[in-house]
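Chain by chain, the residues run as shown.
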Amino acid sequence: MNDRFSEPKTETDLLKEARRVLQHNLLGAFTKPAPSLYPHQWNWDAGFIALGWAPTNFKQACSEMTALFRGQWSNGMVPQIVFSVKNSGKYFPGYRFWETQGLPGKPRNARTSGLTMPAVHGFVLQRLLEQAPDVREARPFFRRMYDRVLLLHDYLYTLRDPHGEGLAFICHPWESGMDNLPTWETVFETIHFDPEKDVPAYERMDLQHVDAPFRPRKESYDRYIYLVNILRKSHYKKPELWNDYPFKVQEPMFNAILSHSNEAMMELGKWLGKDTGQLREWHEQTNKAINDKLWDEQRGVYVSFDLVQQRQVPVVTAAGLMPLLSGAPDQVRAERLTALLQNPKFSGTAENPAWLCASTALDDPGFDPSRYWRGPVWINMNWMMYHALLRYNQPALAARLRDDSLELVRRHGFWEYYNPWKKQSGGCGTDQFSWTAALVIDWLRQ
Ligand code: 9WN
């Protein structure tokens, strides 16, 4: 926790500081997520970061996207991490650990991990186009990116959706971007492995930068590395690899983001004179499948579906509200979701109020207010939920998400995540976090 700032900040101060954070983390073609903990380029971070650069340095915004897609595999997958050569050895698991080097289909000029992340790129591009200082000059960039993003969506709808359901599965908690949700704990209850025999020796580096209570526990890291080891041993060969693979989860936010990006790509496609029929089909199919398969009627929220056990995973997290982003819920479901956000599960009580929005419901047995994804507020989640609520004509609730986010940053600085309890309030994880800065910039430009 850290309360570095005692003076109230004006929006101008916040903007200046946010720009300073991005400038500080800039590594040339891309911006790292944080000064020491994350010294490479991360997938969905790149999208949010591009939005932070767009108003003042549109070229850099485009460069973030171009640099990330340099890592795209020939099957369309866009990796979770594109490694910086200069920062080799500063993060675990580093490039060598992934053993992606020299694999067929992997780009020759980029070092990458072997997983993907939420496909934010489509809706990021649409927002970039709205801010392009010279639309004609930017057209070749958008044309190139459109084809790349289409290839990524095609990958997700084929290799990650073998039965054509309209729901892509994730094969690792890291792919969700929300690595440490209690949801994964429940999924792992039925995955049995021996940490001594089935997990290769590894040494974490995150704990050199952040205190252990803020980061995942050893059991969680063992699971992460256990899965990476299966993937790398089979050289990331798909789809045969998936047959007895233990972790295949259809997650609501991952699919809502994909679905929303389909819509955004339709707009971009129209502008580029493309046939967008496939994107429309994907969008409609995914929204329908999110409703048919991921809705938990009892809890009034969307939940993950474990494809291996063929069952829903009944854990209430902020990700379960995110189908609002792609317009999936009907009015009745949308009302249940917005009620949930305002009830004690996310808003706390009069005696113990909470900032919106805890990543894991405040009353979940796995909730922890300061441990990564177990409860803290994340600014990218709030930013997406803000847009989702505007879509459902909930301006007051949307404003609460924006105001809470800006207030947390104003009070504590640009942290990776924040304690959701108003009485304990503070920043956690790493400071000088790029997407926190970038999304503050995006909010303040509106
Ligand atoms: C593993 C970079 C990334 C974010 C993820 C966040 C965290 C990495 C880690 O940092 O994950 O990908 O080492 O903990 O969970 O959402 O993209 O900021």
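What counts and how
Residues numbered from 1 in each chain as written. Predicted model: local features only at pLDDT ≥ 70, side-chain atom pairs only at ≥ 80, totals over all residues. Heavy atoms only, no water. Near = heavy atom within 4 Å. Polar contact = N/O pair within 3.5 Å; in protein donor to acceptor, adjacent residues only side chain to side chain. Areas by Shrake-Rupley, 256 points an atom, 1.4 Å probe, with all protein chains shown as cover. Nonpolar A, V, L, I, M, F, W, Y, C, P; charged D, E, K, R; others polar. Axes fitted to C-alpha atoms, helices over the stretch in contact; angles between N-to-C directions. Helix = DSSP H or I, 4+ residues; strand = E, 2+ residues; numbered from the N terminus. Parallel < 35°, antiparallel > 145°, perpendicular 65-115°, else oblique. Left-handed = near helix turned anticlockwise from the far one by under 90°. Contact = heavy atoms within 4.5 Å. Phe/Tyr/Trp six-rings, centres within 6.5 Å; stacked < 30°, edge-to-face > 60°. Buried < 20%, exposed > 50% of the residue type's maximum accessible area, 1.4 Å probe, protein only. Lys NZ or Arg CZ within 6 Å of the ring centre and 35° of its normal.

Peer 1: I keep staring at the site of the ligand and nothing clicks. Help me out?
Peer 2: Close contacts around the ligand come from 16 residues, with Asp 45, Tyr 91, Gly 177, Asp 179 and Tyr 372 the closest. Within the contact set of the ligand, an oxygen atom lies 3.0 Å away from a side-chain nitrogen or oxygen of Trp 44. Within the side chain of Trp 373, one N or O atom sits 2.9 Å away from an oxygen atom of the ligand. Burial of the ligand by the protein chains amounts to 100% of its free accessible area of 410 Å². When grouped by side-chain class, the residues that make up the shell around the ligand number eleven nonpolar, two polar and three charged.

Peer 1: Sorry, what's going on with the packing of helix 3 (residues 58-69) against helix 5 (residues 121-131) here?
Peer 2: Two numbers describe a pair of packed helices, the interaxial angle and the distance between the axes. Axis separation between helix 3 and helix 5 bottoms out at 11 Å; the angle between their running directions is 155 degrees. One way to sum up the angle between helix 3 and helix 5 is to call them roughly antiparallel. Once helix 3 is placed against helix 5, the crossing between them reads as left-handed. Two secondary-structure elements touch here, helix 3 through Phe 58, Ala 61, Met 65, Leu 68 and Phe 69 and helix 5 through His 121, Val 124, Leu 125, Leu 128 and Gln 131.

Peer 1: Hey, could you run me through the packing of aromatic side chains in this one?
Peer 2: Any two aromatic rings considered together are summarised by their centre-to-centre distance and by the angle between their planes. For the structure shown, the criterion picks out 35 aromatic pairs. With a centroid separation of 5.4 Å and 80 degrees between ring planes, the pair formed by Trp 44 and Trp 435 is classed as edge-to-face. Here the residue Trp 44 occupies a position in helix 2 (residues 43-53), and Trp 435 occupies one in helix 17 (residues 434-445), the gap between them amounting to 391 residues. Looking at Trp 435, the relative accessible area reads 3%, which means it is buried. An angle of 85 degrees between the planes, with centres 5.9 Å apart, marks the rings of Phe 142 and Trp 271 as edge-to-face. With Phe 142 in helix 6 (residues 135-158) and Trp 271 in helix 11 (residues 252-272), the pair connects residues that are 129 residues apart, well separated along the chain. You can call Trp 271 partly exposed: its relative accessible area is 26%. Sitting over the face of the ring of Tyr 221, Arg 204 holds its NZ or CZ atom 3.8 Å from the ring centroid. Sitting over the face of the ring of Tyr 372, Arg 215 holds its NZ or CZ atom 4.4 Å from the ring centroid.

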